[in-house]
Structure formats: C-alpha cells, structure tokens
Amino acid sequence: MNTKQTRYEALVKALHADIYRYAVWLIKDKAIAEDVVQETFLRAWKSLDSLKDEGAAKAWLITILRRENARRFERKQFDTVDIDDVAIEDTVAHSEDTMQQREIRKAIASLSEEYREPLTMQIIMGFSGDEIAEQLDLNKNTVMTRLFRARNQLKEILSAQIQIGETING
C-alpha cells in the first residue's frame, strides 16, 4: 500500500498542473475542470496497478480525463441553444493576460477542432507528435500535417489582425 501511495503522490505532484491546464482548455470552465481532474485522479488511484510504464503516465491520465469529461455528458442532458441566436460580450478583462495573449488564444479558438486539438496538446501538454497520434488515434504524419496547417492558419489570422490594427491606428 505504501509503495502505491508513494507512486500516486509522485504522479500527482509531477502531472497535476498539466492535467488541470488541459482540462481547463477542454472544458472551458475552471470549476467543472477541477471536478473532472479530481475524478480523473480518483480513477487513476483505483487503476494505478494497471500503469506499467511511468513514462506513459501523462497520456494515460489524459485518456482518463477525456473519458471522465465524456461521462459528464452521459449523466446530464443540457438544454441546447443555437449559437447564432446568442450574442455574449466578454466585458471582463483578465489582468493576468496581456492583449496579445488574448488575441493568440482567440485565434487558436477559431481554428477547427481537427487543428486546434493537436496544437493545444502540443503547446499546453508538451506532447510529441507520436503521443498526440496515439491519444487521438491518428497516424503521426496526419498529426504533423495538422500541426503544420494549424500554425500556418494562426500566422494568417494574426497577420490579418496586425494589418487591421495598423490600418485603424495609422
């Protein structure tokens, strides 16, 4: 029991911050992300003996997290609203974010999911192309192509924003 607890504590200490960041990105709500992360680590504790390769721990936890997030939707049926009918303005400026960081996040969010998810897994989680391919059940070449296209789309979006800013300001 003591070695299991030691392994678990080391796992939580090493990976909790990364798993939480990924959860916040995936879920878009810090409170719900905290709950899902807690459930993820609870399931990890229960299944810790099945983790044979410590090097695969991050990918293993991401898989658990994604399944926990999916379970959230199985349990509760949400009212749906057509996004085109809703206009919400974010009037709260987050002091920790600079304007540039907000623009980059906005640009990343505007990418289609097939490009956004691998890019975010690489940026936030530090996954390699092989690890992303395994997590998303894709060929590594497909992942690398999507990462390349995602970066190019980001460059185009950000360049266009800079040009608009220059036109407005001067």
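Residues numbered from 1 in each chain as written. Predicted model: local features only at pLDDT ≥ 70, side-chain atom pairs only at ≥ 80, totals over all residues. Heavy atoms only, no water.

Participant: When you look at the packing of helix α5 (residues 113–125) against helix α6 (residues 129–136) in this model, what are you seeing that I'm missing?
Facilitator: Two measures define how a pair of helices packs: the angle their axes make with one another and the distance between the axes. In contact at an axis separation of 10 Å, α5 and α6 are set at 130° when each is read in the N-to-C sense. One element, α5, and the other, α6, form an angle in the oblique class. Viewed along their axes, α5 and α6 form a crossing whose handedness is right-handed. Here E117, P118, M121 and Q122 of α5 come into contact with α6, specifically with I132, Q135 and L136. Taken together, the residues of the contact of α5 with α6 break down into four nonpolar, two polar and one charged. (Axes fitted to C-alpha atoms, helices over the stretch in contact; angles between N-to-C directions. Helix = DSSP H or I, 4+ residues; strand = E, 2+ residues; numbered from the N terminus. Parallel < 35°, antiparallel > 145°, perpendicular 65-115°, else oblique. Left-handed = near helix turned anticlockwise from the far one by under 90°. Contact = heavy atoms within 4.5 Å. Nonpolar A, V, L, I, M, F, W, Y, C, P; charged D, E, K, R; others polar.)

Participant: I would appreciate a short explanation of the pattern of salt bridges in the present structure.
Facilitator: As a working rule, side chains carrying opposite charge can pair if their charged atoms are close by. Tallied over the entire structure, the rule returns eight salt bridges. A salt bridge links E54 to R7, with the shortest nitrogen-to-oxygen separation between them at 2.8 Å. Here R7 lies in helix α1 (residues 2–27) and E54 lies in the loop between α2 (30–46) and α3 (57–75), a separation of 47 residues in the sequence. For R7, a relative accessible area of 28% corresponds to the partly exposed category. A salt bridge links R21 to D18; the shortest N-O distance between them is 2.2 Å. In this pair, R21 and D18 are both assigned in helix α1, three residues apart and thus about one turn of the helix distant. A cluster of three or more residues bridged by salt bridges with shared partners is formed by D18, R21 and K58. (Salt bridge = Lys/Arg side-chain N within 4 Å of Asp/Glu carboxyl O. Buried < 20%, exposed > 50% of the residue type's maximum accessible area, 1.4 Å probe, protein only.)

Participant: Looking at this structure, how should I read the nonpolar core?
Facilitator: The nonpolar side chains of a soluble globular protein tend to be buried, and buried together. L11, I19, W60 and L61 are the most contacted members of the largest nonpolar core, which has 36 residues in total. Broken down by secondary-structure element, the contributors of at least two residues to this core are α1, α2, α3, α4 (99–110), α5, α6 and α7 (140–169). If you tally residues by element for this core, the top one is α1, at eight residues. Among residues more than four places away in sequence, those in contact with L11 are H16, L48, L51, A57, W60 and L61. (Core = buried A, V, L, I, M, F, W, Y, C linked by side-chain atoms within 4.5 Å.)

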